[in-house]
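Results of the structural survey
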Amino acid sequence: MKTRAELTYAAAGVDIDAGGELVRRIGPVAGSTARPGVIDGLGGFAGLFDLKAAGYSDPVLVASTDGVGTKLRVAIDTGQVDAIGIDLVAMCVNDLLCRGAEPLFFLDYFAAGTLDVEVTERVVNGIAAGCRASGCALIGGETAEMPGMYGGADFDLAGFAVGAVERGKALPTGLGAGDVLLGLPSDGLHSNGYSLARAVVRRAGLSWEDPAPFADTSLGEALLAPTRIYVGPVTASIKSGGVHGIAHITGGGLVENVPRMLPKGLAAKIDLGSWSLPPVFGWLRETGGLAEAELLRTFNAGIGMVIAVAPEFRDVVMAGLENAGQRAQCIGVVESGQCLRFSGSLS
């Protein structure tokens, strides 16, 4: 009588040994992100964090989760996955800043059809780099190998960040008409608008390996410039006083994100001529035939974060940001009203 071949998990497409090897490799990487408050390293069923050891007396926890959108498609197609983890961390920790919170710890989710240990290690190295840059600890995560769910070299990423702010110190607070809006420059597209950007690249008939029409590098490398992490300079500005609100300019651009920090009865007026549109956005606008309204709602247009500051603190906050290596410029004001208004035009 013929017997059936014995099935194994590996034969079904899941390599537990590969997962174990990955955990072994990334252990020291995660350890490099340790900060006061971390109790255990990787390997437990859940991570522990001591808020008192982190220096808080009466903290409120602040949480954020995000991904990197279809920027991940560009990273996978080009094989340039080393910095995509920085994007993942940046998208989460920059959101925490909008509530005045200090990022404390980070967890990631990585899913693939077949676990490529080398590729996954490169991604996690990027996540750890983002955590070190933002002062938060990588205390756990999940690596899922799911054959049949993802094809070829495809994988997916999600991030989860937790921060804290002392009770009564959360932003936005104290916003009023006359507050000055400071714009902090972005490093390219950050992690939004890539479905449109990829459509423009297709229209132009270019490949990721072609020279970028707007930079001295390949098109793929130029569009994969990592999202800027604003934690250090902006946290210092918050502590210096006078910061009333912060908006992280992500999906929806300035159009949808600036109003998110404004209470009812207040609006913002932004002068589009107060900064120069970075070359990547000029190329996307021209090649894609994008209307200014479309560009402003899809991309950050060169402004990655907007800070609302009391007018009497403007110079102090700007100087503090500059001393921390972060440029800032006045791009508008808060005023009475119900809607965002633009003056001038992008150039």
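For the structure itself, look to the data block above.
In short, a report on the structure. (Residues numbered from 1 in each chain as written. Predicted model: local features only at pLDDT ≥ 70, side-chain atom pairs only at ≥ 80, totals over all residues. Heavy atoms only, no water.)

This part takes up the overall build of the protein chain. The helix and strand tally for the protein chain stands at eleven helices and ten strands. Taken against the 2.2 N^0.38 rule, which gives 20 Å for 347 residues, the C-alpha radius of gyration of the protein chain at 22 Å falls within 12% of a compact globule. By principal-axis analysis of the C-alpha atoms, the protein chain measures approximately 85 × 55 × 35 Å. Relative to its full complement of 347 residues, the protein chain shows a buried share of 49%. (Helix = DSSP H or I, 4+ residues; strand = E, 2+ residues; numbered from the N terminus. Rg over C-alpha atoms; globule rule 2.2 N^0.38 Å. Buried < 20%, exposed > 50% of the residue type's maximum accessible area, 1.4 Å probe, protein only.)

Next up on the list: the sheet that holds strand 6 (residues 243–248). Strand order across the open sheet formed by six strands is 6-8-5-9-7-10, with mixed pairing between neighbours. Because the sheet does not close on itself, it has two edges, and the strands there are strand 6 and strand 10 (341–343). Taken pair by pair, the neighbouring strands of this sheet meet at an average axis angle of 25 degrees, ignoring direction. Lying over the sheet, helix 7 (residues 231–240) contacts strand 5 (180–185), strand 6 and strand 8 (303–309), oriented at roughly 160 degrees with respect to strand 6. Strand contacts of helix 11 (residues 314–323): strand 5, strand 6, strand 8 and strand 9 (329–336), with the helix running at about 10 degrees to strand 5, the strand carrying the most contacts. (Pairing = 2+ DSSP bridges. Axes fitted to C-alpha atoms, helices over the stretch in contact; angles between N-to-C directions. Contact = heavy atoms within 4.5 Å.)

Turning next to the pattern of salt bridges. Working definition: two side chains of opposite charge can pair if their charged atoms are close together. Counted under the stated rule, the structure contains twelve salt bridges. Here R25 and E118 are joined by a salt bridge, their closest N and O atoms 3.0 Å apart. Pair noted here: R25 is in helix 1 (residues 16–31) and E118 is in helix 4 (residues 117–134), with a separation of 93 residues, a long-range link. Looking at R25, the relative accessible area reads 24%, which means it is partly exposed. Its relative accessible area of 45% is what places E118 among the partly exposed residues. (Salt bridge = Lys/Arg side-chain N within 4 Å of Asp/Glu carboxyl O.)

With that out of the way, let us pick up the packing of aromatic side chains. Aromatic ring pairs are described here by two measures, namely the spacing of the ring centres and the angle between the planes. Under the criterion given, the structure shown has four aromatic pairs. For the pair F49 and F105, a centre-to-centre distance of 5.2 Å together with 40 degrees between the ring planes defines the contact as tilted. Here F49, found in the loop between helix 1 and strand 1 (59–66), pairs with F105, found in strand 2 (residues 102–112); they are 56 residues apart in sequence, far enough to count as distant. Using a relative accessible area of 16% as the deciding quantity, one classes F49 as buried. (Phe/Tyr/Trp six-rings, centres within 6.5 Å; stacked < 30°, edge-to-face > 60°.)

All right, on to the environment of R99 then. Along the chain, the position of R99 falls in the loop between helix 3 (84–97) and strand 2. Through-space distance from the C-alpha of R99 to that of A129 is 23 Å; in sequence the pair is 30 residues apart. Contact partners of R99, with chain neighbours within four places excluded, come to V62, V165, A170, L171 and P172. Here L171 takes part through its backbone oxygen, which lies 2.6 Å from a polar atom of the side chain of R99. (Polar contact = N/O pair within 3.5 Å; in protein donor to acceptor, adjacent residues only side chain to side chain.)

With that settled, consider the nonpolar core. Ranked by internal contacts, the top residues of the largest apolar core, which has 95 residues, are F106 and V306. The greatest single-element share of this core, amounting to eight residues, is contributed by helix 3. Those residues within four positions of V306 in sequence are excluded, and the remaining contacts are L181, L182, G245, I246, A247, I249, L254, V258, M261 and I331. Core analysis: the second largest hydrophobic core is formed by nine residues, A54, Y56, L104 and F105 among them. (Core = buried A, V, L, I, M, F, W, Y, C linked by side-chain atoms within 4.5 Å.)

Here we come to the sheet that holds strand 1. With mixed pairing, the four strands of this open sheet are ordered in space as 1-4-2-3. If you trace the sheet from one side to the other, it starts and ends with strand 1 and strand 3 (137–145), each paired once. This sheet shows a mean twist of 15 degrees between the axes of neighbouring strands, independent of strand direction. Note that strand 2 and strand 3 share eight bridges and pair parallel.

Moving on, we get to helix 1. In this model helix 1 runs 23 Å from its N-terminal to its C-terminal C-alpha over 16 residues, within 8% of the 22 Å that 1.5 Å per residue would give. Remark: the principal bend of helix 1, roughly 30 degrees, maps to R25, with a proline, P28, within the next four residues. For helix 1, the set of buried residues is A18, L22, I26, V29 and A30. Buried-residue contacts for helix 1 involve helix 4 and strand 3. (Expected span 1.5 Å × (residues − 1). Bend = angle between axes of the 7 residues up to and from the residue.)

Bringing the pairing of strand 5 into the picture now. Across the six residues that make up strand 5, a large majority, six, are buried. Both faces of strand 5 are covered, namely the face carrying V180, L182 and L184 and the face carrying L181, G183 and P185. Relative to strand 8, strand 5 runs antiparallel, the two being bridged by six bridges. Counterpart to P185 in the pairing with strand 8 is I303. Pairing of strand 5 with strand 9, which is carried by four bridges, proceeds in the antiparallel orientation. What sits directly across from G183, in strand 9, is Q329.

Among the structural elements, T120 can be located in helix 4. Looking at T120, its side chain comes within polar contact range of the main-chain oxygen of D116, at 2.8 Å. For T120, the contacting residues outside a window of four places in its chain are L22, F110 and L115.

To continue, consider unusual backbone geometry. Of note, the bond from L171 into P172 is cis; its omega dihedral lies within 30 degrees of zero at 0 degrees. One non-glycine residue, H190, lies in the positive phi region at around 60 degrees. Checked against the element boundaries, H190 lands in the loop between strand 5 and helix 5 (194–204). Phi at A301 takes a positive value of approximately 60 degrees, unusual for a residue other than glycine. Position of A301 among the secondary structure elements: in the loop between helix 10 (292–298) and strand 8.

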